[in-house]
Amino acid sequence: AFWALTIIVERLLPAHYYTHDMIDHHTDQRVLTYLIGQHLPTIHAHFLRNHLDLPLITTQWFLCLFVNVLPLETTLRVWDALFFEGSSVLFRVALALLQLHESDIISATDG
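Bear in mind the structure is a predicted one, so any value in this text is a computation, not a measurement.

Draft legend 1. How the structure looks around the nonpolar core. Core analysis: the largest hydrophobic core is formed by 27 residues, its most contacted members being Leu32, Ile36, Phe62, Phe66, Leu90 and Leu98. Elements with a contribution of two residues or more to this core: α1 (2-12), α2 (23-39), α3 (41-49), α4 (55-63), α5 (72-85) and α6 (88-100). For this core, the element with the highest residue contribution is α6, accounting for eight residues. Each residue touching Leu32, except ones within four places of it in the same chain, is listed here: Leu54, Thr58, Phe62, Phe91, Ala94 and Leu95.

Written as structure tokens, this is what we have:
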């Protein structure tokens, strides 16, 4: 487990993902916001309309690499893809989760 974590932190994720300023993580969150706007415009508009800050939802997804977010078997498949394809997998999984739950997201309102 230690060596897997070492590979993830040192080789697969951007260099400043887990630093005190987390600049690369913040960059990834902005990229994800852009991708949602491009690929899931209805969700993007819903987030804007409800003043929802996306990192409130997705920070845990990215920092914990979907552990405790997805079932274990699914998380391990995501990690397999992460090791094989790199960190772009995180964006695809996040977009897929949002798309999968689009109707629930759109129907949710504040209150």
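Draft legend 2. Representation of a nonpolar patch on the surface. A cluster of nonpolar side chains, namely Leu5, Val9 and Tyr18, defines an oily patch on the protein surface of about 260 Å² accessible area. Counting through the fold element by element, Val9 comes out in helix α1. Exposure remark for Val9: the relative accessible area of 34% places this residue in the partly exposed category.

Draft legend 3. Expanded view of unusual backbone geometry. You will see that Leu65, though not glycine, has its phi angle at about 55 degrees, which is positive. As for its placement among the helices and strands, Leu65 is situated in the loop between α4 and α5. A residue is classified by how much of its surface remains accessible, and Leu65, at 4% relative accessible area, is buried.

Draft legend 4. Focus on the environment of Phe47. Within the secondary structure, Phe47 sits in helix α3. Among the residues examined, Phe47 registers a relative accessible area of 7% and is labelled buried. With 59 residues separating them in the primary sequence, Phe47 and Ile106 have C-alpha atoms 8.8 Å apart.

Cut-offs applied
Residues numbered from 1 in each chain as written. Predicted model: local features only at pLDDT ≥ 70, side-chain atom pairs only at ≥ 80, totals over all residues. Heavy atoms only, no water. Core = buried A, V, L, I, M, F, W, Y, C linked by side-chain atoms within 4.5 Å. Buried < 20%, exposed > 50% of the residue type's maximum accessible area, 1.4 Å probe, protein only. Helix = DSSP H or I, 4+ residues; strand = E, 2+ residues; numbered from the N terminus. Contact = heavy atoms within 4.5 Å. Patch = residues over 30% accessible without salt bridge, like charges linked within 9 Å, V, L, I, M, F, W, Y side chains within 5 Å. Areas by Shrake-Rupley, 256 points an atom, 1.4 Å probe, with all protein chains shown as cover. Salt bridge = Lys/Arg side-chain N within 4 Å of Asp/Glu carboxyl O.

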